Amino acid sequence: MGLVTATALASKGHNVVLIEKDKAKISSINKGKAPIAEDGLDDKLSDCLKHNCLRAVENYQEMLGTDVTLVCVGTPSNPDGSIDLSYIKQSAREIGKMLGKKTERHTVVIRSTVIPGTTRGVIIPALEEYSGHKLHDAFDVAVNPEFLQEGSALRCYFNPDRIIIGEDDKGAGDTVEKLYEGISAPIIRTDIPTAEMVKYASNAFLATKISFINEIGNLCQKLGIDVYEVAKGISFDYRIGDRFLNAGLGFGGSCLPKDLGALVQASRGLGYHARLLESVMEVNRLQVLKIIQAVEQKLGDLKNKKISILGLAFKPNTDDVRSAPALRVIEMLINKGAMVKAYDPMAMPNARAVLPEGIEYCRSAEEAVRGGDCVLVLTEWAEFKNESLYRGEIVFDGRRVVDPRNAKTFCDYQGICW
Ligand code: UGA
């Protein structure tokens, strides 16, 4: 998110310094190679470097020559699912120290996803303590949550559905709004905790849509009804719409599961039991078990069975495997004694770094499928829609890569909830 934001701003003519702790990432960025796979990012980044609008540096000192700091650090989960604010706190301390040295007024914009109340309760006090200045005297703070989808993050940046600006001070909000000059989208200006909550409510709603359609899918499967036809049927109601109604293995990634968990934990802290959100997580957790149960039902004991896996990334067009449902499926298969062969067009290096040893990584989908006892499709990459891959195989489709009616004519096919 930081690199996409920095590149997008630099491409709009702003002079951007990207402060990063990881030396390898700094060197890669300064050579025009993004450390993540993101459509169009390398080209845009190289362009910005050529025009000297962007450089990555290690030292916060570089902040001194700038007017605005956008905080894009990660807010991962603690083991209990609550938000881990250590990177936020660390960056607030460092930014605070620099604010103490600045003579010009500065605006700090929080882009990281933080639980409502964090900016006022944690970030601003740290900025004040480490700068020795009071909010509004020498610096202002605004919240500008990001709604970038991995894989199409630059497109999302330049074509947002909306821009949310949380502010305690009109000047800070104006500064953020100016950063979006030339981008056409509704702009909603609100107070800081509301902006923080809009981000959580958005991700929680998207996750709810997915678990909702998966639950309907599980029911449809028992009734012999195709949930994809049901989804199409409901999608024409403009209040429902047709997005995020793809039933399957459920949601993963670095955002939806983490943000939902953080919101549920924050609710508990407030003495409120967020029943709906907990159920959304539970439906998602069980969806992965369904594919394992289906495989066991078909093949019996999985010990020494050869299982072919197509797809490791949490969704197509990314190399990201964070909280990817595929990883959970593979870990369960290995625990049951199965032998796993896997293929993913982009995510194999990242998967190899976190998965247990002993998995055979293949050079193509064909190679992964060959010689296996069954095939599990866990990410809907376009190349997995090729029906000839599955001819004569036992197939468990977690992502609806082929039409089930067709599939049954050339393979032994089962969908996860269709
Ligand atoms: C998500 C949100 O979509 C972004 O708006 C938000 O900015 C971002 O999190 C964030 O908080 O930074 P992303 O994590 O890139 O973006 O992934 P999504 O495209 O939302 O997909 C999440 C998961 O849901 C994937 O595992 C995907 O396979 C699954 N999914 C999605 C379904 O199972 N069914 C669907 O119909 C749609």
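Residues numbered from 1 in each chain as written. Predicted model: local features only at pLDDT ≥ 70, side-chain atom pairs only at ≥ 80, totals over all residues. Heavy atoms only, no water.

Topic: the overall build of the protein
Then, in step 1: When you go through the protein residue by residue, the secondary structure sums to 15 helices and 13 strands.
Then, in step 2: Looking at the 418 residues of the protein, the share that counts as buried comes to 52%.
Then, in step 3: A separation threshold of at least 6 residues defines the contact pool for the protein, and within that pool the share at least 24 residues apart is 69%.
Then, in step 4: Accessible surface, the protein as shown: approximately 19,600 Å² in total, 51% of it carbon and sulfur.
Then, in step 5: Mean positive and mean negative side-chain charge positions of the protein (52 and 55 charges, respectively) differ by 2 Å. (Helix = DSSP H or I, 4+ residues; strand = E, 2+ residues; numbered from the N terminus. Buried < 20%, exposed > 50% of the residue type's maximum accessible area, 1.4 Å probe, protein only. Contact = heavy atoms within 4.5 Å. Areas by Shrake-Rupley, 256 points an atom, 1.4 Å probe, with all protein chains shown as cover. Lys, Arg positive; Asp, Glu negative; His and termini not counted. Charge placed at Lys NZ, Arg CZ, Asp CG, Glu CD.)

Considerations on the packing of helix 8 (residues 192–223) against helix 11 (residues 275–299)
Then, in step 1: One way to put it is that helix 8 packs onto helix 11 with a least axis distance of 9 Å and a crossing angle of 50°. By the angle class used here, helix 8 and helix 11 are oblique. For helix 8 against helix 11, the interelement crossing comes out left-handed. For the pair helix 8 and helix 11, the contacting residues are Ala-204, Ala-207, Thr-208, Ser-211, Asn-214, Glu-215, Asn-218 and Gln-221 in the first and Leu-277, Val-280, Val-283, Asn-284, Gln-287 and Lys-290 in the second. (Axes fitted to C-alpha atoms, helices over the stretch in contact; angles between N-to-C directions. Parallel < 35°, antiparallel > 145°, perpendicular 65-115°, else oblique. Left-handed = near helix turned anticlockwise from the far one by under 90°.)

Focus on the domain arrangement of the protein
Then, in step 1: The domain architecture assigned to the protein consists of domain 1 (2–190) and domain 2 (202–415).
Then, in step 2: The centre of domain 1, based on its C-alpha atoms, is set 33 Å off from the matching centre of domain 2.
Then, in step 3: With 16 residues of domain 1 at the contact, the number on the domain 2 side is 18 residues.
Then, in step 4: Of the roughly 1,200 Å² buried where domain 1 meets domain 2, counting both sides, 47% is carbon and sulfur surface.
Then, in step 5: The largest share of the area that domain 1 buries against domain 2 comes from Ala-37, Ile-115 and Glu-150, three residues that together contribute 43% of it.
Then, in step 6: There are one salt bridge connecting domain 1 and domain 2.
Then, in step 7: Two residues, Glu-150 and Arg-322, come together in a salt bridge whose shortest N-O distance is 3.6 Å.
Then, in step 8: On inspection of domain 1 and its partner domain 2, the count reaches seven residue pairs in polar contact (both at pLDDT 80 or more). (Domains from an automatic or database assignment. Buried area = accessible area lost by both parts, 1.4 Å probe. Salt bridge = Lys/Arg side-chain N within 4 Å of Asp/Glu carboxyl O. Polar contact = N/O pair within 3.5 Å; in protein donor to acceptor, adjacent residues only side chain to side chain.)

Some words on the site of the ligand
Then, in step 1: As a structural note, the neighbourhood of the ligand is formed by 21 residues, with Glu-146, Gln-149, Glu-150, Lys-199 and Phe-314 the closest of them.
Then, in step 2: At 2.9 Å, a backbone N or O of Gly-252 approaches an oxygen atom of the ligand.
Then, in step 3: One of the side-chain nitrogen or oxygen atoms of Arg-399 is found 3.3 Å away from an oxygen atom of the ligand.
Then, in step 4: Counting residues per element, the ones that place at least two in the shell around the ligand are helix 8 and helix 10 (256–269).
Then, in step 5: With four residues, the top contributor of residues to the shell around the ligand is helix 8.
Then, in step 6: Each of two domains, domain 1 (2–190) and domain 2 (202–415), supplies a minimum of three residues to the shell around the ligand. (Near = heavy atom within 4 Å.)

A word on the side chain of Arg-400
Then, in step 1: Within the element layout of this structure, Arg-400 appears in the loop between strand 12 (394–397) and helix 15 (404–410).
Then, in step 2: There is a polar contact of 2.7 Å between the side chain of Arg-400 and the side chain of Asp-226.
Then, in step 3: Sequence-distant contacts of Arg-400, that is, excluding residues within four places in its chain, are made with Asp-226, Tyr-228, Tyr-413 and Trp-418.

Digging into helix 7 (residues 170–179)
Then, in step 1: Regarding helix 7, the residues found buried are Ala-172, Gly-173, Val-176 and Leu-179. Here the buried residues of helix 7 occupy an arc of 115° about the axis, which is enough to place them on one side. Turned more than 90 degrees away from the buried face of helix 7, the exposed residues are Lys-170 and Lys-178.
Then, in step 2: Elements that come into contact with the buried residues of helix 7 comprise helix 1 (2–11), strand 3 (68–71), strand 4 (106–110), strand 5 (139–143), strand 6 (163–167) and strand 7 (187–190).
Then, in step 3: The N-cap of helix 7, judged by a side-chain oxygen 2.9 Å from the amide nitrogen of Gly-171 a few residues on, is Asp-169. (Arc of directions from axis to C-beta.)

A few points about the packing of aromatic side chains
Then, in step 1: In this structure the tally under the stated criterion is four aromatic pairs.
Then, in step 2: With centroids separated by 5.5 Å and ring planes inclined at 85°, the aromatic side chains of Tyr-228 and Trp-418 adopt a geometry described as edge-to-face. Residue Tyr-228 is located in helix 9 (residues 227–235), and its partner Trp-418 is located in the segment after strand 13 (412–415); the two are separated by 190 residues in the primary sequence. Just as Tyr-228 is buried, Trp-418 falls in that class too.
Then, in step 3: One aromatic cluster is present, built from ring pairs that chain together Tyr-157, Phe-158 and Tyr-180.
Then, in step 4: In this structure, Arg-162 is placed above the aromatic ring of Phe-147, and the distance from its NZ or CZ to the ring centre is 3.6 Å. (Phe/Tyr/Trp six-rings, centres within 6.5 Å; stacked < 30°, edge-to-face > 60°. Lys NZ or Arg CZ within 6 Å of the ring centre and 35° of its normal.)

Considering the packing of helix 4 (residues 86–101) against helix 5 (residues 118–131)
Then, in step 1: Contact geometry for helix 4 and helix 5: axes closest at 7 Å, N-to-C directions at 40°. The two elements helix 4 and helix 5 cross, and the hand of that crossing is right-handed. In contact with Ile-88, Lys-89, Ala-92, Arg-93, Ile-95, Gly-96, Lys-97, Leu-99 and Gly-100 of helix 4, helix 5 contributes Val-122, Ile-123, Ala-126, Leu-127, Tyr-130 and Ser-131.
Then, in step 2: When its residues are assigned to classes, the contact of helix 4 with helix 5 shows nine nonpolar, three polar and three charged. (Nonpolar A, V, L, I, M, F, W, Y, C, P; charged D, E, K, R; others polar.)

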